[in-house]
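Breakdown of the fold
In case you want the letters, here they are:
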Amino acid sequence: MLRNMIWIEKPHLQGYGCSECAWEFQPSGPPTGNSLNEMKEIFERRRDKEFAIHVCAEHPRAKKAKR
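Overview of the structure.

Basis of the calculations
- Residues numbered from 1 in each chain as written.
- Predicted model: local features only at pLDDT ≥ 70, side-chain atom pairs only at ≥ 80, totals over all residues.
- Heavy atoms only, no water.
- Helix = DSSP H or I, 4+ residues; strand = E, 2+ residues; numbered from the N terminus.
- Rg over C-alpha atoms; globule rule 2.2 N^0.38 Å.
- Buried < 20%, exposed > 50% of the residue type's maximum accessible area, 1.4 Å probe, protein only.
- Contact = heavy atoms within 4.5 Å.
- Areas by Shrake-Rupley, 256 points an atom, 1.4 Å probe, with all protein chains shown as cover.
- Polar contact = N/O pair within 3.5 Å; in protein donor to acceptor, adjacent residues only side chain to side chain.
- Pairing = 2+ DSSP bridges.
- Expected span 1.5 Å × (residues − 1).

Quick word on the overall build of the protein chain
Summing up its helical and strand segments, the protein chain has 1 helix and 2 strands in all. For the protein chain, the succession of helices and strands along the chain, N to C, is β-β-α. Its C-alpha radius of gyration of 14 Å places the protein chain more than 25% over the 11 Å reference for a compact globule of 67 residues. If you line up the protein chain on its principal axes, its C-alpha atoms span 55 × 25 × 15 Å. The 67 residues of the protein chain split such that 21% are buried. A sequence separation of at least 24 residues applies to 42% of the contacts in the protein chain between residues at least 6 apart. Total accessible area on the protein chain is roughly 5700 Å²; 54% of this is exposed by carbon and sulfur atoms.

In structure tokens:
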């Protein structure tokens, strides 16, 4: 399965998620670093690492109700 990181906009979230499951990146706290550039780099590394190690089977999408 080929999955991609996507941008998600919902009422409760604006952020990154997986194209193949319900995984959404949830930062563990405020940005850290000594400069804006460093904060951005740390955020992106954490996001990319968590995306790479998540298991789609552990984040199934909710099934839509039948009409």
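Focus: the side chain of Glu 24
Among the secondary structure elements, Glu 24 is positioned in the loop between strand E2 (13-18) and helix H1 (36-53). Within the structure, the side chain of Glu 24 is placed 2.8 Å from the side chain of Lys 10, a separation counted as a polar contact.

Some remarks on the pairing of E2
Pairing of strand E1 (residues 5-10) with E2, which is carried by 6 bridges, proceeds in the antiparallel orientation. Counterpart to Ile 8 in the pairing with E2 is Gly 15. Here E1 folds back onto E2, and the loop between the two strands holds 2 residues.

Quick look at H1
For an α-helix, 3.6 residues make a turn, and residues three or four places apart therefore share a direction. When the terminal C-alpha atoms of H1 are compared, their 26 Å separation across 18 residues agrees well with the 26 Å that a helix rising 1.5 Å per residue should span. Of the surrounding elements, those touching the buried residues of H1 are E1 and E2.

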